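Examination of the molecular architecture
One-letter residues, chain by chain:
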Amino acid sequence: MRARIESRMGFRVPGKLIQRAVEPGQRVQAGQLLAQIDPQDYQLAAQAAQAAVVAAQSQRDLALVDFRRYEALRSQNFISGAELERREVALKVAESALTQAQSQFAAQGNQAGYARLLATAAAVVTAVEAEVGQVVSAGQPVVRLAHDGPRDAVFAVPEQAVAAFKVGQTLEATLTASGQLLKGQVREVGASADPLTRTFQVKLALDASQGLPLGGTVNEIGRASCRERV
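In short, a report on the structure. (Residues numbered from 1 in each chain as written. Predicted model: local features only at pLDDT ≥ 70, side-chain atom pairs only at ≥ 80, totals over all residues. Heavy atoms only, no water.)

Side note on the sheet that holds strand β3 (residues 15-20)
Reading across the sheet, the four strands line up as β6-β5-β3-β8 and stay open at both edges, with antiparallel pairing between neighbours. Two strands bound the open sheet, and with one partner strand each, they are β6 (116-118) and β8 (135-136). Of the strand pairs in this sheet, β3 and strand β5 (residues 33-37) are connected by three bridges, and their pairing is antiparallel. If you follow Q19 over to β5, its bridge partner there is Q36. (Pairing = 2+ DSSP bridges. Helix = DSSP H or I, 4+ residues; strand = E, 2+ residues; numbered from the N terminus.)

See below:
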């Protein structure tokens, strides 16, 4: 028995793993901390970007004051129109620099936030693939989650029997531990055989499967050779 949705969670930025907050088999809720990498470099970069915003803001404010002063002088014909246009261009350049600095600060702030790996949904931790002290790359799987919700029975079907399975086909199976009768529809039939076992993977989407246990063994009724791969 497997979760319909399984996620291999990884950080969006590289770094050294300093905390692993979960263990295999543990239940987690959406937003719960799974792991954390050292955020120091990202925090420093965010602080530098914030300082750049302050500097750009000051330059923009000075350019605005300058432009308004020259605008008043122009209204009194003390300066030429060309001189006012130069001040206007300087103001636009300062405003663009401020916008760029603000965008950079936002991006660096996001980078600092990415140092914390959070669960995206209520789930069960099925595997942990990195240890504290390990340097992980962006996207490298760290924690594997099986989401709460629908369950699939995943069968290993011999080559000679796979032709009998069609997507959308209704099937019945039993939960080995309790004998509970399960019903569902074939959701996926493997396009190629496993190179080692020469069996095809068939996924059966089970009805009313919210409370079914993960990892349970399921046998399809009428095909003793089709035993779920746990």
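So, the pairing of strand β10 (residues 151-158)
Burial analysis of β10 places eight of its eight residues in the buried class, the great majority of the element. The pairing of strand β1 (residues 2-3) with β10 spans two bridges and is classified as antiparallel. In the strand pairing of β10, A3 is matched with R151. With seven bridges connecting them, β10 and strand β13 (residues 199-206) associate as antiparallel partners. Residue D152 lies in a different strand from β13, and its bridge partner there is A205. (Buried < 20%, exposed > 50% of the residue type's maximum accessible area, 1.4 Å probe, protein only.)

Here's the deal with the pattern of salt bridges
Per the counting criterion, the structure on display carries 16 salt bridges. For D61, the salt bridge is made with R60, and the minimal N-O distance between the two is 3.3 Å. Taken together, the shared-partner salt bridges in this structure form one network comprising D66, R69, E83, R86 and R87. (Salt bridge = Lys/Arg side-chain N within 4 Å of Asp/Glu carboxyl O.)

Points about the nonpolar core
By size, the foremost hydrophobic cluster in this structure holds 22 residues, and its most contacted members are F11, V28, L34, I37, V142 and L145. Where this core is concerned, the elements lending two or more residues are β5, β7 (123-128) and β9 (141-147). If we ignore the near neighbours within four places in the chain, the residues touching V142 are M9, G10, F11, A35, L117, A127, V128, E129, A130 and V136. If you look at the next biggest cluster of nonpolar residues, it comprises 19 residues, including A161, L175, F200 and V202. (Core = buried A, V, L, I, M, F, W, Y, C linked by side-chain atoms within 4.5 Å. Contact = heavy atoms within 4.5 Å.)

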